[in-house]
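Remarks on the overall topology
Spelled out, the chains give:
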Amino acid sequence: MNTISCADIENHEELFRYLRDSGRISSGERPHARTLAGGISNRTVLVQRPDGETWVLKQALEKLRSPVEWFSDPRRIEREARGMEALVRWLPERSVPRLIFLDERNHVLAMEAVPEPHRNWKEMLMEGLPDEAYVAQFAELLAALHRNSASDPNAAITFADRSFFESLRLEPYYGYAAEQTPEAAGFLRGLIERTRSAARGVVHGDFSPKNILVHRNRLILLDHEVIHFGDTAFDIGFSLTHLLSKSHHFRERRTPFVRAAHRYWRRYAEAAGETASGPEFRKACAHHTLACLLARVAGRSPLEYLDNEERRVQRDVVTSLMHSPPDDIPELIDVFEHHISQLC
């Protein structure tokens, strides 16, 4: 079945031919397809079949759609499929779409589409106040991943390979930001080395509001191509950065976003239990938050809603904090808010 070729699933006629020739759909079936907007690393297409079954197909790109050159092995789609299968066991029911098929040759997977109506949580945050219940669920999802995977004896072996995390996170976020911001290079390069040597548990690596759909007041997690066994503190820094950057961007909503950041951390720490205990873990979380805050203004994938002045301010605040970084998340949140408020 995997000998059938499909070069570009966004070419819908080619996609339909591929699905028929590979036996995924019948020879006479004519589904409806719609290319979805989304991330920079994949082609994504919604396929609605005549019987009502709806799939989302993803095809990993080797050259990412980014302003600067950025490459990653498209075999990471295989990692995403394994991640989906594992997350079904570790997360609450219906928190991850069901895997339909994986085609390794064409770097394609298909998953069950999230039912309508649903909304992207990032879009909701961009339009209004952060809902406390969703912030708590967001924290609980991550805590469940870190806590439940810690008791899985196969997790460290299944997700041992960190090459996709290197090409999609460490180099383009921390490494590239170090090149662009010499005053932060020592902090970032030291953190890179500590991250490479850490083995705390399973890291999602892309845990952000962009990858959350809200359906019937439940959060559903998407995009697992950089999941690996490593430094779970990265997930805290990566996700918390989105709440703090929005507190920077939306001045009139700064206080609610800061409160949401505190609530997110408190609920995560409560739900994660022992996996979030200890001063070294909390220090690592704070350092990853600083690094991600800088990476999202000076890395290969800057936040699109921050303008040039906001990026400059965030860069200046974060690099100044790196000289004497906070060792815990609550302190970091408050200090970041204080400095941002002074400059804005």
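Everything below is about the structure shown above.
Residues numbered from 1 in each chain as written. Predicted model: local features only at pLDDT ≥ 70, side-chain atom pairs only at ≥ 80, totals over all residues. Heavy atoms only, no water.

**Side note on the sheet that holds strand β9 (residues 218-221)**
Applied cut-off: Strands qualify as paired when DSSP identifies two bridges or more between them. Numbering of helices and strands runs from the N terminus; a helix is a DSSP stretch of H or I covering at least four residues, while a strand is a stretch of E covering at least two.
Ordered by their spatial adjacency, 3 strands build an open sheet running β6-β8-β9, and the pairing between neighbours is antiparallel. The open sheet has two free edges, formed respectively by β6 (119-120) and β9, since each of these has just one partner strand. Bridge count for β6 against strand β8 (residues 212-215) is 2 bridges, and the pairing is antiparallel. Bridged to Asn120 within β8 is Leu213.

**Concerning the sheet that holds strand β2 (residues 42-48)**
The test is simple: Throughout, an axis means a line fitted to C-alpha atoms (over the contacting stretch in the case of helices), and angles, computed between N-to-C directions, take values from 0 to 180 degrees.
Spatially, the 5 strands line up as an open sheet ordered β1-β2-β3-β5-β4, and their pairing is antiparallel. Each edge of the open sheet is held by one strand with a lone partner, namely β1 (32-35) and β4 (99-103). For this sheet the average axis-to-axis angle between neighbouring strands, irrespective of direction, equals 20 degrees. Relative to β2, β1 runs antiparallel, the two being bridged by 4 bridges.

**Concerning the packing of helix α4 (residues 132-150) against helix α8 (residues 233-249)**
Relative orientation and spacing of two packed helices are given, respectively, by the angle between their axes and the distance between those axes. What counts, and what does not: Put simply, angles under 35 degrees are roughly parallel, angles over 145 are roughly antiparallel, angles from 65 to 115 are roughly perpendicular, and the rest are oblique. Here is the rule for handedness: rotate from the far helix to the near one, and if that takes an anticlockwise turn smaller than a right angle the crossing is left-handed, while a clockwise turn gives right-handed. When checking whether two residues touch, look at their non-hydrogen atoms; a contact exists if any pair is within 4.5 Å. Gly is put with the polar residues, along with every residue not named as nonpolar or charged; the nonpolar set is Ala, Val, Leu, Ile, Met, Phe, Trp, Tyr, Cys and Pro, and the charged set is Asp, Glu, Lys and Arg.
Between α4 and α8, the shortest axis-to-axis distance is 11 Å and the interhelical angle comes to 165 degrees. Of the possible angle classes, the one that applies to α4 and α8 is roughly antiparallel. Read as a crossing pair, α4 and α8 show a hand that is right-handed. Mapping the contact onto sequence places Phe138, Leu142, Leu145 and His146 in α4 and Asp235, Ile236 and Ser239 in α8. Residue composition of the contact of α4 with α8, by class: 4 nonpolar, 2 polar and 1 charged.

**Observations regarding the environment of Asp223**
Worth spelling out the cut-off: Relative accessibility decides the category of a residue: with a 1.4 Å probe and only protein chains considered, values under 20% of the type maximum give buried, values over 50% give exposed, and everything between is partly exposed. Two N or O atoms count as a polar contact when they lie within 3.5 Å, although within protein this holds only if one can serve as hydrogen donor and the other as acceptor, and sequence-adjacent residues are included solely when both atoms are side-chain atoms.
Along the chain, Asp223 falls in the loop between β9 and β10 (228-230). Judged by its relative accessible area of 19%, Asp223 is buried. Between the C-alpha atoms of Asp223 and Phe207, which are 16 residues apart in sequence, the distance is 8.5 Å. Once residues lying within four places of it in the same chain are set aside, the contact partners of Asp223 are Lys58, Glu80, His204, Asp206, Lys210 and Asn211. A polar contact is formed between the side chain of Asp223 and the side chain of Lys58, at a distance of 2.6 Å.

**Considerations on the nonpolar core**
Applicable threshold: Only buried Ala, Val, Leu, Ile, Met, Phe, Trp, Tyr and Cys residues count toward a nonpolar core, and they belong to the same one when joined by side-chain atoms within 4.5 Å.
Grouped together as the largest cluster of nonpolar side chains are 97 residues, with contacts concentrated most on Tyr174, Leu188, Tyr264 and Tyr268. The biggest single contributor to this core is helix α10 (residues 279-298), with 12 residues. Residues Cys6, Tyr18, Leu57 and Phe101 belong to the second largest nonpolar core, which totals 15 residues.

**Points about a negative patch on the surface**
To be explicit about the condition: Note on patches: the residues involved have over 30% relative accessible area and no salt bridge, like charges join within 9 Å, and the nonpolar side chains Val, Leu, Ile, Met, Phe, Trp and Tyr join within 5 Å. Using a 1.4 Å probe, accessible areas were evaluated by the Shrake-Rupley method; residue-level cover was limited to the displayed protein chains. What makes a salt bridge here is a side-chain nitrogen of Lys or Arg within 4 Å of a carboxyl oxygen of Asp or Glu, nothing more. Positive charges come from Lys and Arg alone, negative charges from Asp and Glu alone, with His and the N- and C-terminal ends not counted. By convention, the point assigned to a charge is CZ for Arg, NZ for Lys, CD for Glu and CG for Asp.
Taken together, the side chains of Glu280, Asp327, Glu331 and Asp334 define an acidic patch exposed on the protein surface. Within the element layout of this structure, Asp327 appears in the loop between α11 (308-321) and α12 (329-343). Owing to a relative accessible area of 41%, Asp327 belongs among the partly exposed residues under this scheme.

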